[in-house]
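A look at the structure
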Amino acid sequence: MEIKAQLLDLKPYQPGKPIETVKRVFGLEKITKLASNENPFGCSEKAKQAILEELNSLALYPDGYSTDLRKAVAEHLNVDETQLIFGNGSDEVIQIICRALLGPGKNTVMPTPSFPQYKHNAVIEGAEVREVELVDGEHNLGEMLAAIDEQTQIVWICNPNNPTGTYIEKEKLFSFVSKVPKHVLVVLDEAYYEYVVASDYPETIGLLSEYENVVILRTFSKAYGLASLRIGYGIGSSKLIQQIEPAREPFNTTRVAQAAAKAAISDQEFIKECVSKNKKGLDQFYTFCEEHHLSYYKSQGNFILIDFKQQGDQVFQYLLERGFIVRSGNALGFPTSVRITVGTEEQNAEIIGHLTEMLQTTGK
Ligand SMILES: *Cc1c(COP(=O)(O)O)cnc(C)c1O
């Protein structure tokens with residue numbers, strides 16, 4: 001047998017060290033994970049209740065069409081039910097889109113550094129990947145347009161961008177979309193949509209009635225606090241969604257995830273509270289950065305990328321030994337930075353305390 005050549009160069013996803021191992025190795029009692037942009041406040045109580053109610057139905061396959069959740073999301077977004085596709089996390093929607101559109105001889109354009117799954121899936125499908133460097137942490141939309149040709153199938157936009165937290169304002173994005181040729185699918189990954197507070201951040205659902213070549217990705221993993229259940233979705237024109245549906249596994253989202261997501265979307269009060277606490281949390285980090293003259297990107301997400309002007313891996317290790325798991329910028333394309341998920345006020349204060357001490361002892 002022969003493994004696809006493009007798989008040989010890909011690394012399987014490297015999960016972080018398990019919390020239990022970290023505790024044992026460093027003799028710590030408490031570990032705080034601020035590494036994967038999970039919601040530090042958990043999820044809505046309504047979602048927990050909905051999960052309990054599903055426990056008697058675990059023997060049954062889920063509804064492959066996610067009918068109830070579909071209805072709830074369609075209503076919430078004011079789109080037609082046929083405009084939605086659900087995935088095992090929006091990660092899987094990315095995979096479905098790649099399966100449906102990419103192959104040898106085709107190419108796809110994406111920003112870098114950005115969310116790694118666009119490239120990963122494109123490589124598996126054997127497509128050529130055209131990466132366009134960020135400029136000052138932001139998408140270079142002009143260069144991205146210039147990289148598109150007849151063989152381009154997908155252009156990826158991560159808004160707000162992970163790992164920088166920067167965003168593309170409405171006018172720039174709409175102008176970009178209007179210039180992308182019709183044979184190219186524009187994927188707008190809005191995993192952090194709920195957290196955004198910038199008033200000129202684009203509401204993109206309206207684009208869908210004008211452009212058949214746009215898909216928006218959202219998820220229940222971040223602000224909704226349901227990362228473990230793996231559920232996200234794509235929103236597009238009915239026609240496009242029907243065309244990519246065959247690339248989706250029939251029972252790709254679970255009964256528990258569907259029920260929890262449906263309950264979670266009905267609790268916008270919970271989201272509002274989390275967004276307001278996140279904003280205050282970001283302010284804690286901004287103040288810290290300014291006091292210590294560290295450069296960082298203003299973030300519209302629930303994370304912040306800070307440049308410590310020393311190896312990110314070193315900062316990561318320093319924090320790990322003190323019970324905080326963060327993400328080193330080393331693997332994210334920012335070797336002297338660290339990406340920290342905004343935690344609770346107390347968690348933020350604690351990690352800032354450790355970082356302050358670190359800067360004092362290293363003399364920076
Ligand atoms: C977290 C994240 C996702 C994936 O989330 P799922 O858990 O798979 O829904 C997608 N895009 C970006 C930019 C993310 O940060």
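Reading across from one edge, β9-β10-β13-β12 is the order of the 4 strands in this open sheet, with antiparallel pairing throughout. Each of the sheet's edge strands pairs with one partner strand only, and the pair in question is β9 (295-296) and β12 (327-328). Bridge count between β9 and strand β10 (residues 303-307): 2 bridges; the pairing is antiparallel. Each residue of the ladder has a partner; that of Ser295, found in β10, is Asp307. The strands touched by helix α12 (residues 312-320) are β12 and β13 (337-341); relative to β13, the strand with the most contacts, the crossing angle is about 45°.

Moving on, we come to the sheet that holds strand β8 (residues 232-235). The mixed open sheet is built from 7 strands, whose spatial order is β2-β8-β7-β6-β5-β3-β4. The sheet terminates laterally at β2 (84-87) and β4 (128-133), the two strands that pair on one side only. Going across the sheet, the axis of each strand differs from the next one's by a mean of 20°, ignoring polarity. As judged from the 4 bridges shared by strand β6 (residues 185-189) and strand β7 (residues 214-219), these two strands associate in the parallel manner. Residue Val187 lies in a different strand from β7, and its bridge partner there is Val215.

A few words on unusual backbone geometry. Cis geometry marks the peptide bond from Thr112 to Pro113, where omega comes out at -5°. Mapping Pro113 onto the fold places it in the loop between β3 (107-112) and α6 (117-124). Phi is positive for Ser66, which is not a glycine, with a value near 50°. Within the secondary structure, Ser66 sits in the loop between α3 (45-54) and α4 (67-77). Positive phi, normally seen in glycine, also occurs at Asn78, with a value near 60°. With respect to the helices, strands and loops of the structure, Asn78 is situated in the loop between α4 and β2.

Before going further, it helps to examine α3. An α-helical turn contains 3.6 residues, so any two residues separated by three or four positions project in the same direction. Listing the buried residues of α3 in full gives Ala47, Ala50 and Glu54. All buried residues of α3 fall inside an arc of 60° around its axis, so they share one side. Exposed and facing more than 90 degrees away from the buried side of α3 are Glu45, Leu52 and Glu53. Where α3 is buried, its residues meet α10 (255-265). A side-chain oxygen of the first residue of α3 lies 3.0 Å from the backbone nitrogen of Lys46; this N-cap is Ser44.

Below, the discussion takes up the domain arrangement of the protein chain. Annotation of the protein chain at the domain level lists domain 1 (5-43 + 269-362) and domain 2 (45-266). Using C-alpha coordinates to define each centre, domain 1 is positioned 25 Å away from domain 2. Tallying the contact residues gives 28 residues for domain 1 and 32 residues for domain 2. Of the roughly 2400 Å² buried between domain 1 and domain 2, counting both surfaces, carbon and sulfur atoms make up 66%. Connecting domain 1 to domain 2 are 7 residue pairs in polar contact (both at pLDDT 80 or more). Of all the secondary-structure elements, those providing two or more residues to the side of domain 1 that touches domain 2 are α1 (5-8), α11 (268-291) and β10. Residues of the side of domain 1 that touches domain 2, tallied by class, amount to 12 nonpolar, 11 polar and 5 charged.

About the cut-offs
Residues numbered from 1 in each chain as written. Predicted model: local features only at pLDDT ≥ 70, side-chain atom pairs only at ≥ 80, totals over all residues. Heavy atoms only, no water. Pairing = 2+ DSSP bridges. Helix = DSSP H or I, 4+ residues; strand = E, 2+ residues; numbered from the N terminus. Contact = heavy atoms within 4.5 Å. Axes fitted to C-alpha atoms, helices over the stretch in contact; angles between N-to-C directions. Buried < 20%, exposed > 50% of the residue type's maximum accessible area, 1.4 Å probe, protein only. Arc of directions from axis to C-beta. Polar contact = N/O pair within 3.5 Å; in protein donor to acceptor, adjacent residues only side chain to side chain. Domains from an automatic or database assignment. Buried area = accessible area lost by both parts, 1.4 Å probe. Nonpolar A, V, L, I, M, F, W, Y, C, P; charged D, E, K, R; others polar.

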